[in-house]
Amino acid sequence: MQLAIGLSLGLLISVLAWRTGTLSQSGAIAATLSGGLVFGLGGFAWAVLLLVFFISSSLLSRLPLSGKRSVGEKYAKGSQRDWGQVLANGGLGALLVITFTLSPEKTWLWIAYAGAMAAVNADTWSTELGILSPALPRLITSGKTVEPGTSGAVSALGSLAALGGSGLIALCAALLTTWGSLDQTGFFLLIAIVTIGGLSGAFFDSFLGATVQAIYYCPSCRKETERHPIHICGTETNHMHGWRWINNDMVNFACSIAGASVAAGLFLILN
Ligand SMILES: [Zn+2]
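The rules behind the values
Residues numbered from 1 in each chain as written. Predicted model: local features only at pLDDT ≥ 70, side-chain atom pairs only at ≥ 80, totals over all residues. Helix = DSSP H or I, 4+ residues; strand = E, 2+ residues; numbered from the N terminus. Rg over C-alpha atoms; globule rule 2.2 N^0.38 Å. Buried ≥ 20, exposed ≤ 12 C-beta atoms within 10 Å, placed from the backbone. Expected span 1.5 Å × (residues − 1). Contact = placed C-beta atoms within 7 Å. Pairing = 2+ DSSP bridges. Axes fitted to C-alpha atoms, helices over the stretch in contact; angles between N-to-C directions. Parallel < 35°, antiparallel > 145°, perpendicular 65-115°, else oblique. Left-handed = near helix turned anticlockwise from the far one by under 90°. Core = buried A, V, L, I, M, F, W, Y, C linked by C-beta atoms within 7 Å.

Asks: Just checking my understanding: could you explain the overall build of the protein for this structure?
Replies: Secondary structure assignment for the protein yields 9 helices and 5 strands. Overall, the protein shows an N-to-C arrangement of helices and strands of α-α-α-α-α-α-β-β-α-α-β-β-β-α. The C-alpha radius of gyration of the protein comes to 18 Å, within 12% of the 18 Å expected for a compact globule of 271 residues. Oriented by its inertia axes, the alpha-carbon framework of the protein measures out at about 60 × 40 × 35 Å. Scored against the burial criterion, the 271 residues of the protein give a buried share of 49%.

Asks: Sorry if this is basic, but what is going on with helix α1 (residues 2-19) here?
Replies: Quick reminder: α-helices carry 3.6 residues per turn. Residues three or four places apart thus point the same way. With 18 residues, α1 ought to run about 26 Å at 1.5 Å a step, and its terminal C-alpha atoms sit 26 Å apart, in line with that. Looking at the buried residues of α1, the elements they touch are α2 (25-42) and α3 (44-62). G21 sits one or two positions beyond α1 and adopts a positive phi of about 85°.

Asks: Could you clarify how one ought to interpret the pairing of strand β3 (residues 215-218) in this entry?
Replies: A regular strand places its side chains so that they alternate between the two faces of the sheet. Of the strand pairs in this sheet, β3 and strand β5 (residues 238-241) are connected by 3 bridges, and their pairing is antiparallel. By the bridge assignment for β5, I215 is matched with H241. As paired elements, β3 and strand β4 (residues 223-225) share 3 bridges and run antiparallel to each other. Bridge pairing links Y216 to T225 in β4.

Asks: Help me understand the packing of α3 against helix α7 (residues 156-176) in this model?
Replies: Two elements in contact, α3 and α7, have axes separated by 10 Å at closest approach and are oriented at 165°. Between α3 and α7, the crossing angle belongs to the class labelled roughly antiparallel. Relative to α7, α3 is oriented so that their crossing is right-handed. Between α3 and α7, the contacting residues are A45, V48, L49, V52 and F53 on the first element and L168, I169, C172, A173 and L176 on the second.

Asks: Looking at this model, I keep getting lost on the sheet that holds β3. Mind explaining?
Replies: Note on sheets: strands pair through backbone hydrogen bonds, and any given pair is parallel or antiparallel. Pairing is antiparallel in the open sheet, where 3 strands are placed in the order β4-β3-β5. Looking at strand neighbours, the two that pair on one side only are β4 and β5, the edges of this open sheet. Along the sheet, successive strands turn relative to each other by an average axial angle of 45°, direction set aside.

Asks: Would you mind going over the environment of T195 with me for this structure?
Replies: Mapped onto the fold, T195 is located in helix α8 (residues 184-211). When the 27 C-beta atoms within 10 Å are taken as the criterion, T195 is described as buried. Spatially, the C-alpha atoms of T195 and G43 are 22 Å apart, while their sequence positions differ by 152 residues. Excluding anything up to four places from it in sequence, T195 contacts A118, S166, G167 and A170.

Asks: How should the nonpolar core be read in this particular structure?
Replies: In a soluble, globular protein the nonpolar side chains are often hidden away together inside. One finds L49, Y113, A114, M117, I169, V194 and A263 to be the most contacted residues of the largest nonpolar core, which totals 68 residues. If you list the elements that add at least two residues to this core, you get α1, α2, α3, α5 (83-102), α6 (108-130), α7, α8 and α9 (248-270). Top element by residues in this core is α6. It accounts for 14 residues. Residues in contact with V194, not counting those within four places in the same chain, are I111, A114, G115, A118, I169, A170, A173 and A263.

Function cannot be inferred from these measures alone, as they are strictly geometric.
Right, dumping it as structure tokens:
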């Protein structure tokens, strides 16, 4: 019964997101399934974290901030999310909620979920807001200054945005943690653990973006891009660096795994 309600709620939100152009059709189907599982099996607490991520990142990607348009084309896809992007961000959450339903005594699964959501939220916030950085970003590997929007580039503003995105999920997770033993120390410890997990995931995402992610080059625009095979201008793009089979969705999925692992790992060590 709860699963049916969850799936209906997932469907309702996905249709709304599809109608407003936040999700593509395939993205809406993937969001109905992954969101429905999280709502239906996880209940209120799990649903809130997913919604905080989904709503805040959708709003940020639609903000008409000056100068953003020129950089947006560098990314593989526009602001409309397809199934690959939805599962890259929410797929691990769906797997974790299924595992948690089968073994509810494993409380660390909730922390892993919070870490995964903190990571993808941190990554989205830093991508959307980091572009507004007045200073040129630097490549996370070499420290060399690069054009805004380059995969693997980090800036002070982007890192601050990542901290905000991660911290917001961590705060919600701490407020929604229902087990009785969470005293004041436990409350702040949980916020710290999830925030660190989320930040680790976001920096891991940048690291993969600078190293193994497939990056292409558009000869007519003379620009680096994640788009392949066809650039936004219609020209075919050439492989520049990174492994061809590692696209942005896989990097985002790895980001959520890193966030979950660091948060759950810290939780298990400290408890
Ligand atoms: Zn082009």
